[in-house]
Amino acid sequence: MASRFWADTESEEEEEEITQSDDEGSEESATAPSGWVNKAKSYLKGAASDSDDSDTQGRTVKSTRERRNEEMLSTLEQIRNATKINDWVNIVDCFDKLNKQLEKVSRINDSNKVPTTYIKALVLLEDFLAETFANKEAKKKMSSSNAKALNSMKQKLKKNNKQYEELITNYRANPVDDEESESEDEEEPDMSDDGVDDVIEYPSDEDREKDGEDEDDEGERKGDWVKSQSKKDKQMDKQFMKDPSEITWEDVDKKFKDIIAARGKKGTGRVEQVEQLTFLTRVAKTPAQKLEILFSVISAQFDVNPSLLGHMPVGMWKRCVANMLLVLDTLNQYPNIVVDDTVDMDEKETKRGVDHKGPIRVWGNLVAFLERLDSEFFKSLQCTDPYTKDYIERLRDEPLFMVVAQNVQDYLERIGDFKSAAKVALRRIELVYYKPQEVYDAMCKLAEQNTGEEGDLEGEVQELSRGPPEFVKIPEIVPRKPTFPESSRDLMDVLVSLVYKYGDERTKARAMLCDIYHHAIFDEYPVARDLLLMSHLQDGIQLMDIASQILFNRAMAQLGLCAFRAGLINEAHGCLTELYQSGRVKELLAQGVSQSRYHEKTPEQEKLERRRQMPYHMHINLELLEATHLICAVLIEVPGMASPAYDRRKPVNKTFRRLLEISERQAFVGPPENVRDHVMAATRALTRGDYQKCFDTIAKLDTWKLLRNKDQVLDMLKTKIKEEALRTYLLTYSTCYESLSLDQLTSMFDLPEGRLHSLVSKMIMLEELHASWDQPTRCVVFHNVEQTRLHGLLFQMADKLSVLVESNERAYEASTGGTLEGLPRRRGENQETGVGGGPQGRWQENFVASQGRGRFGYSGRVGGTGGGYQKGTRGGFGSSRYQDAAQGGRVGGRTGSRGGQVDGAPRMVNLNRGIRA
Amino acid sequence: MASTHDLTWKVAPQLDRHLVFPLLEFLQERQLYNDEEILKAKIELLSETNMVDYAMDIHKSLYHTDQVPQEMIDRRVEVVARLKSLEESAAPLISFLQNAALVQELRPDKQYNIQMLNERYQIGADQIEALYQYAKFQFECGNYSGAADYLYQYRALCTNPERSLSALWGKLAAEVLMQNWDIALEELNRLKEIIDSKNFASPLTQLQNRIWLMHWSLFIFFNHENGRNGIVDLFFHDRYLNAIQTNAHHLLRYLATAVVVNKRRRNVLKDLIKVIQQEQYCYKDPITEFLECLYVNYDFEGAQTKLRECEQVILNDPFLGKRVEEGNFVTVPLRDEFLENARLFIFETYCRIHQCIDISTLAEKMNMSYDEAERFIVNLVRSSKLDAKIDSVSGTLVMSTNHINVHEQIIESLKNLNMRTYMLAKNIVEPAQAAAQASAAAR
């Protein structure tokens, strides 16, 4: 009976209570409050005399409840008084108050049990109402307001009492009023609440045991209550310290279940629950049970922080790490214990002791815990201000996580669960992939040093679990220090290959992206590029989750930087240009929230975005990125702009063109301040063919100091600038010269002769320059191929016509499904050859250029934001991705068909510019 | 060092054991490595095959003894025993197949054949399997022609697609080793079809199969008369090009050579250069570098030096450096062709960007004497491949620059639009008319 009494629902309790109260004689209801106060006093006294470690919080909670009950009683009293003077207005007020109080009380009690006080009030009112209605004389005498209140009271009561009909009849059958039942009534929910409310679940438990003994002795029982109350806080220690041998597996199990049942309930102290459970782990009888409880401890620790935005307290996190290690120790010590979260466990499974042969299954999911641990770590970094010491302190905890992850992975590999091991490996990859070798080395060093610190942690844990010695001693088996291979590449290789072998789609894709990123920071552009192209990630990235898209963007940005460092301007431009197309690079890389004027975000969106942010130490320097992007654009665009109007090609980088236009429209040009200004100044110099000034301006940017091989990169840049300056010069002034000698050009641009020759030859071959070499005299002879504007226009028309025909054909194909017979060339083939470099053929160039171009006015350009792009795509991560990525040149049919239609517009703009020029 | 550019070590793992022999023979002949090393390698190769006698011979010549290690003798006994047993089990089927009259009864329908054999001659699946084993054993022993025949017949009877595929590989290897290029080419195409159409367990196996196929095909393509086209077509096939780029970069050498030598496949040159550029970080040799110098950097000096290296590479390559003896001369036809074409490439490119060239420099650039160069140019001019004149006094070649008329260009670019639109209109109108007629007729 006793256990049912505690464990079962409250309604049952109610009934019981009423039957119990049956025995007690009835007393004057008015004494009830005083009786209650007495009771409370005795409790308070007990608490006060308690030892120092009694929980203050427990007491405050107590008094709130007390207050509520007192309030209720006083309201009852008021009603009673009002009935005496027949003041219905007052009664109505009191009734409303009573109802409100009822709500509060039940909220505190966390039950739907209705206090007897309330029922009493109801009965009282009902009787009085009947009485009043019976007495017609009195009714007539009433004031109008009073009569009105009476009527409304009648309605309300009728409605209200329906809910409590049964209780009322019960009450009428045995009107309970005496002190005993009252105190019982108050005390009992109190008790059961305590278990839920604060640390002390144990008294109830003890009671239960005692209950079994002296069930029939009511008087003694009451004494017990008081005693148990007074001991409260020491209970858990004392109870077990007295005779540890008496505690059985069942005891622990029961208590464990009780605590678990309270989880998540309103008013359950999360921190306290953790402590309770931690205590239980110490008294656990079998390793399996200990493990089971440990799992609960860990999940309770995760529960401590309920909000999605905030993070778990750091101390708690560390303790959680320690617990994880303990779990792993246990698992290593007892290899027959199997952790599983799929099957329902046998209740008694954990009872099997150390000597049990054969597998013992324990419910739990190591990987889920680990992932949670990781995301908590991530979140805590997100939330911490990166400029504070806290952030650095927090970062130092990384090795701790690495240890756990490594051990979990080892364990999983040992038991052959490679799928989960792959997940863990991914988590480890994600901690390593963004680290250059220097940072990696630092991390290894930190891990080495950390031993001392970890000792502290251990000590802390020890202190926490003061008290009785553990029943199940688990020696430290798993290493407490992470081991790192010499170079991060080795580590990555090991982890990544594990993931590739066993991971699921998403895990693999993420690992691949991390791999690409890592290769990119290690200046292995070709490897990274091949990985990207071979994995076809850019095709499917739109379909993936946003976090992976961000990772993809980061990888692309890093790839671009890598290509730039290697001197591959076109490739770098290809990687970076799309990031900048929308002007929302911050958002795309999740490195800060960019605000757009044209596109208001809802708070939810903002919240979501905040949750996606990268911690500061993982950021890619935006200035460097912007500088890289713009310089690539300069090197590509400037010669393009210099070529004669009629065969001027489409602008490759519209962002840059727009910026340039803005800067050209400025009346006064001040000295350059930010990256953009510098690049614009450099552009102006380059347009004039002044390579030296161009280079000087660019070299002044202080973001270059972030590069490891700064000098090399700047040298490369200088050569590139010289080359492009030469091209620009030739394209601009070729019409003015009949011939130019090789020597002159060499001295002008300070380029080696061979290089210069090859550059000019290339231009001749590609028909950018209408000229040829005269070998005996060593000079370039320009042919003046006069092309009138009419010719230029005709060429453009021809181009456009072919676009028109092509789109007609496509339309035909789309409607009939078949291909047009008898036509010489097919686009489909172009698309297939994907791996090849550069956009293939005219066709795709057209589409790339016209793709994604919204119709927005010039106003959109001021902020450099381009609000028109991809309007309506949530977050915008989706549509701007690299489907025609770096070298892919792969434009799907989807964009193709759209391209044809929008194509006219940009061309027209082009045309106008041509005329102006 | 002449062996710097040797690819044997890269190629060999993708070949069958037996196919490596010709390569080793070649290397031995070229004296690229120590004789001893090669002989050891040969023994190593033979250890897994059944050609024990041959291995013994090599062993003797390597160590200059008459003694043969015991394990070789043991192995020989074993091999002979196994040969006997296989011969026995395959005997009924073989005797059936050797009777031409009986073979006539076989029909293209496999199921029918099997049934028929089973009913009339008591030849069941076991015997057919034995035939396969026997053929394989024959191949291992070096009896390629026998193996090829049996495998051919086995394929007619075999129902297991996996087995059929490996039989095909065996047949191909046997034909290659017997130097029956025509048949080998047929087998190659058959194999290619199967590989392309078959559903492999993983794309990786398919890739591996393609790579094998390409390696094996090298034997055929550089020996078959039409191989030059074949190799370009096969290797430039998207999937095969991908395979090269993924896992067999060294094949670019053969592809590049084939493209240079092949006059009819000049249109793929651009694609080839793109690929070479993309893969240059993981594979380059003089041949690819030559093309890069010429078409990417327009560095004629560099191309010149590379060309000289190319010659060595070709001579030392087992596939490219095939020798033909004509009377007293030993020539390497491919080398001559390559050099000639490469020169032409240089010359062409050079002429395109110049309007006036000093012939002596040109001669130097093309590795020729002045007179040779002049003759070369005159021939070109006469055959109107080159629009230029020689200024004999100053010793220069003067190009006559002619730029395409703008009008011509425009007309050119618009010409085919007309046809395409016409086709389009026709395609749209015709069905409509047909439908109209049909409805009219129905009425």
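In this text, all values refer to a predicted model and were calculated from it rather than measured experimentally.

Caption draft 1: Focus on the overall build of chain B. If you tally the helices and strands in chain B, you get 22 helices and five strands. Carbon and sulfur atoms provide 50% of the accessible area of chain B, an area that totals close to 22,600 Å².

Caption draft 2: Geometry of the packing of helix 21 (residues 418–432) of chain A against helix 25 (residues 505–521) of chain A. Residue and element names in this part refer to chain A. Direction vectors running N to C along helix 21 and helix 25 enclose 25 degrees, while the axes themselves pass 10 Å from each other. If you check the angle between helix 21 and helix 25, you find them roughly parallel. Regarding helix 21 and helix 25, the two cross each other, and that crossing is left-handed. On helix 25, the residues that touch Ala422, Lys423, Leu426, Ile429, Glu430 and Val432 of helix 21 are Thr507, Arg510, Ala511, Cys514 and His518.

Caption draft 3: Molecular detail of helix 5 (residues 70–98) of chain B. Residues and elements named next belong to chain B. At Ala91, helix 5 shows its maximal bend, which comes to roughly 60 degrees, and the proline Pro92 appears one to four places after that position. The set of residues buried in helix 5 consists of Met72, Val79, Leu86, Ala90, Leu93, Ile94, Phe96 and Leu97. Buried residues in helix 5 make contact with helix 3 (35–46), helix 4 (52–63), helix 6 (100–103), helix 7 (110–121), helix 8 (125–141) and helix 9 (144–157).

Caption draft 4: Focus on the interface of chain A and chain B. The partner chain B presents 39 residues to the 43 residues of chain A that form the contact. Across the chain A to chain B interface the summed buried area is about 3,600 Å²; carbon plus sulfur atoms make up 62%. A per-residue breakdown of the area chain A buries against chain B is headed by A:Met765, A:Gln775 and A:Phe795, which together make up 18% of the total. Inspection of the chain A/chain B interface yields two salt bridges. Linking B:Arg420 and A:Glu806 is a salt bridge whose minimum nitrogen-to-oxygen distance equals 2.5 Å. Applying the counting rule to chain A against chain B returns 12 residue pairs in polar contact (both at pLDDT 80 or more). Per-class residue counts for the side of chain A that touches chain B are 19 nonpolar, 15 polar and nine charged. With two bridges joining them, strand 4 (residues 771–774) of chain A and strand 3 (residues 354–358) of chain B adopt parallel strand pairing. Looking at strand 3 of chain B, one finds that A:Asp774 is bridged to B:Cys356.

Caption draft 5: Representation of the sheet that holds strand 3 of chain B in the model. Strand order across the open sheet formed by six strands is 3(A)-5(A)-4(A)-3(B)-5(B)-4(B), with mixed pairing between neighbours. The sheet is open, and its two borders are formed by strand 3 (739–741) of chain A together with strand 4 (388–391) of chain B, each paired with just one other strand. Strand-to-strand twist of the sheet, defined as the mean angle between neighbouring strand axes without regard to direction, takes the value 20 degrees. Contacts from helix 38 (residues 753–765) of chain A reach strand 4 and strand 5 (779–782) of chain A together with strand 3 of chain B within the one sheet, and its direction differs from that of strand 4 of chain A by about 140 degrees.

Caption draft 6: Inspection of the pairing of strand 5 of chain A at higher detail. Residues and elements named next belong to chain A. Here strand 5 shows two buried faces, one formed by Cys779 and Val781 and the other by Val780 and Phe782. Here strand 3 pairs with strand 5 via three bridges, running antiparallel. When the bridges of strand 5 are listed, Ser741 appears paired with Cys779. As paired strands, strand 4 and strand 5 are joined by four bridges and run antiparallel to one another. Across the sheet, Asp774 pairs through a bridge with Cys779, a residue of strand 5. Two successive antiparallel strands, strand 4 and strand 5, enclose a turn made up of four residues, where Arg778 displays a positive phi of approximately 55 degrees.

Caption draft 7: Seen up close, the pattern of salt bridges. Summed over the entire model, instances satisfying the criterion amount to 40 salt bridges over all chains. Between A:Asp397 and A:Lys318 there is a salt bridge; the shortest N-O distance is 3.7 Å. One end of the pair, A:Asp397, is in the loop between helix 19 (389–395) and helix 20 (398–415); the other, A:Lys318, is in helix 17 (residues 314–333), and 79 residues separate them in sequence. For A:Lys318, a relative accessible area of 23% corresponds to the partly exposed category. Close ionic contact of A:Asp493 with A:Arg489 constitutes a salt bridge, the shortest N to O distance being 2.8 Å. On the criterion of helical spacing, the pair formed by A:Asp493 and A:Arg489 is a turn pair, its members being four residues apart in helix 24 (residues 488–502). Several salt bridges share partner residues, and in doing so they unite B:Lys171, B:Glu175, B:Glu187 and B:Arg190 into one network.

Caption draft 8: Spatial organisation of the nonpolar core. A:Leu717 and B:Leu397 are the most contacted members of the largest nonpolar core, which has 310 residues in total. It is helix 32 (residues 622–642) of chain A that provides the largest number of residues to this core, a total of 13 residues. Apart from residues lying up to four places away in sequence, B:Leu397 is in contact with B:Phe347, B:Cys351, B:Gln355, B:Cys356, B:Ile357, B:Ile359, B:Leu362, B:Ile377, B:Leu386, B:Ala388, B:Lys389 and B:Ile390. In terms of nonpolar packing, the next biggest core, distinct from the first, is built from 29 residues, A:Leu98, A:Leu102, A:Leu150 and A:Tyr171 among them.

Caption draft 9: Examining the state of the cysteines more closely. Residue and element names in this part refer to chain A. Tallied over the entire structure, the rule returns zero disulfides over all chains. Distance from the sulfur of Cys632, which forms no disulfide, to the nearest cysteine sulfur (Cys575) is 9.2 Å. What makes Cys632 buried here is its relative accessible area of 0%.

Caption draft 10: Just the environment of A:Ile569, in detail. Residues and elements named next belong to chain A. For Ile569, the location among the structural elements is in helix 29 (residues 569–581). Considering only alpha carbons, one finds Ile569 and His629, 60 residues apart in sequence, at a separation of 9.3 Å. The contacts of Ile569, once residues within four sequence positions are left out, are Phe564, Cys632, Leu635, Ile636 and Lys720.

Caption draft 11: The arrangement of the packing of aromatic side chains in detail. Residue and element names in this part refer to chain A. Considering all chains together, one arrives at 24 aromatic pairs over all chains under this definition. The interplanar angle of 15 degrees and the centroid separation of 4.5 Å between the aromatic rings of Phe418 and Tyr502 together place this pair among those described as stacked. Highlighted residues: Phe418 in helix 21 and Tyr502 in helix 24, separated in sequence by 84 residues. Among the residues examined, Phe418 registers a relative accessible area of 28% and is labelled partly exposed.

Caption draft 12: Broad picture of the confidence of the model for chain A. Mean pLDDT over chain A works out to 70, with 64% of the residues at or above the 70 mark. The model gives residues 1–60 of chain A a pLDDT under 50, and that stretch makes 81 contacts with residues more than four places away or in other chains.

Caption draft 13: Structural context of the packing of helix 25 of chain A against helix 28 (residues 546–565) of chain A. Residue and element names in this part refer to chain A. Axis separation between helix 25 and helix 28 bottoms out at 8 Å; the angle between their running directions is 25 degrees. The orientation of helix 25 with respect to helix 28, classified from their angle, is roughly parallel. Seen from above, helix 25 lies across helix 28 with left-handed handedness. Residues Arg506, Arg510, Leu513, Cys514, Ile516, Tyr517, Ala520 and Ile521 of helix 25 lie in contact with helix 28, whose contacting residues are Ala547, Ser548, Leu551, Phe552, Arg554, Ala555, Gln558, Leu559, Cys562 and Arg565.

About the criteria used
- Residues numbered from 1 in each chain as written.
- Chains lettered and ligands numbered in written order.
- Predicted model: local features only at pLDDT ≥ 70, side-chain atom pairs only at ≥ 80, totals over all residues.
- Heavy atoms only, no water.
- Helix = DSSP H or I, 4+ residues; strand = E, 2+ residues; numbered from the N terminus.
- Areas by Shrake-Rupley, 256 points an atom, 1.4 Å probe, with all protein chains shown as cover.
- Axes fitted to C-alpha atoms, helices over the stretch in contact; angles between N-to-C directions.
- Parallel < 35°, antiparallel > 145°, perpendicular 65-115°, else oblique.
- Left-handed = near helix turned anticlockwise from the far one by under 90°.
- Contact = heavy atoms within 4.5 Å.
- Bend = angle between axes of the 7 residues up to and from the residue.
- Buried < 20%, exposed > 50% of the residue type's maximum accessible area, 1.4 Å probe, protein only.
- Buried area = accessible area lost by both parts, 1.4 Å probe.
- Salt bridge = Lys/Arg side-chain N within 4 Å of Asp/Glu carboxyl O.
- Polar contact = N/O pair within 3.5 Å; in protein donor to acceptor, adjacent residues only side chain to side chain.
- Nonpolar A, V, L, I, M, F, W, Y, C, P; charged D, E, K, R; others polar.
- Pairing = 2+ DSSP bridges.
- Core = buried A, V, L, I, M, F, W, Y, C linked by side-chain atoms within 4.5 Å.
- Disulfide = S-S within 2.5 Å.
- Phe/Tyr/Trp six-rings, centres within 6.5 Å; stacked < 30°, edge-to-face > 60°.
- pLDDT = per-residue confidence, 0-100.

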